[in-house]
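The chain contents come next:
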Amino acid sequence: MPIDQATDRSAGFLKELPEGVALIAAPYQNLDEVILKPEDGCYWYRYVGPVETTLLPLRTVEGRPICTQASAKPAVSS
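This section reports on the structure supplied with the text. None of the values given here were measured: they were computed from a predicted structure.

**Thoughts on the nonpolar core**
Next up, step 1: Core analysis: the biggest nonpolar cluster contains eight residues, these being Leu17, Val21, Ala25, Val34, Tyr43, Tyr45, Leu58 and Ile66.
Next up, step 2: When near neighbours in sequence (up to four residues on either side) are disregarded, Ile66 contacts Val21, Ile24, Ala25, Cys42, Tyr43, Leu58, Arg59 and Thr60.
Next up, step 3: Grouped together as the second largest cluster of nonpolar side chains are five residues, Phe13, Cys42, Trp44 and Leu55 included.

**Thoughts on the pattern of salt bridges**
Next up, step 1: Following the criterion strictly, the structure yields three salt bridges and no others.
Next up, step 2: Notably, a salt bridge pairs Glu33 with Arg46, separated by 3.6 Å at the nearest N-O pair. Here the residue Glu33 occupies a position in the loop between helix H1 (19-24) and strand E1 (34-37), and Arg46 occupies one in strand E2 (residues 42-48), the gap between them amounting to 13 residues. Accessibility classification places Glu33 together with Arg46 in one group, the buried group.

**Points about the packing of aromatic side chains**
Next up, step 1: Following the criterion strictly, the structure yields zero aromatic pairs and no others.
Next up, step 2: Here the guanidinium or amino end of Lys37 rests over the ring plane of Trp44, the centre of that ring lying 4.2 Å away.

**A look at the sheet that holds E2**
Consider a sheet: its strands pair through backbone hydrogen bonds, and that pairing is either parallel or antiparallel.
Next up, step 1: One open sheet holds the three strands; their spatial order is E1-E2-E3, and the pairing between them is antiparallel. Each edge of the open sheet is held by one strand with a lone partner, namely E1 and strand E3 (53-57). Here the strands of the sheet are splayed against their neighbours by 35° on average, with no regard to which way each runs.
Next up, step 2: Sheet analysis places E1 next to E2, joined by four bridges and oriented antiparallel. Residue Ile35 lies in a different strand from E2, and its bridge partner there is Trp44.

About the criteria used
- Residues numbered from 1 in each chain as written.
- Predicted model: local features only at pLDDT ≥ 70, side-chain atom pairs only at ≥ 80, totals over all residues.
- Heavy atoms only, no water.
- Core = buried A, V, L, I, M, F, W, Y, C linked by side-chain atoms within 4.5 Å.
- Buried < 20%, exposed > 50% of the residue type's maximum accessible area, 1.4 Å probe, protein only.
- Contact = heavy atoms within 4.5 Å.
- Salt bridge = Lys/Arg side-chain N within 4 Å of Asp/Glu carboxyl O.
- Helix = DSSP H or I, 4+ residues; strand = E, 2+ residues; numbered from the N terminus.
- Phe/Tyr/Trp six-rings, centres within 6.5 Å; stacked < 30°, edge-to-face > 60°.
- Lys NZ or Arg CZ within 6 Å of the ring centre and 35° of its normal.
- Pairing = 2+ DSSP bridges.
- Axes fitted to C-alpha atoms, helices over the stretch in contact; angles between N-to-C directions.

Remember, this is a structural readout, not a statement about activity or role.
Structure, rendered in structure tokens:
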């Protein structure tokens, strides 16, 4: 989801990333501009690419998205 490049960079981004999140995040991601989206409970970071600026899901070194426990969906039983 592209975001407006003119947006105030400090607006909405976490002032301090939780230590546990910083420890498991893959090193190639921008940890200075991270948000926690309430709709999915996952952390997203601002990526500035050659064509567009967008939010991407913050991932671990293994490639798994980093989310809060609140985002876990209960198992459906049959």
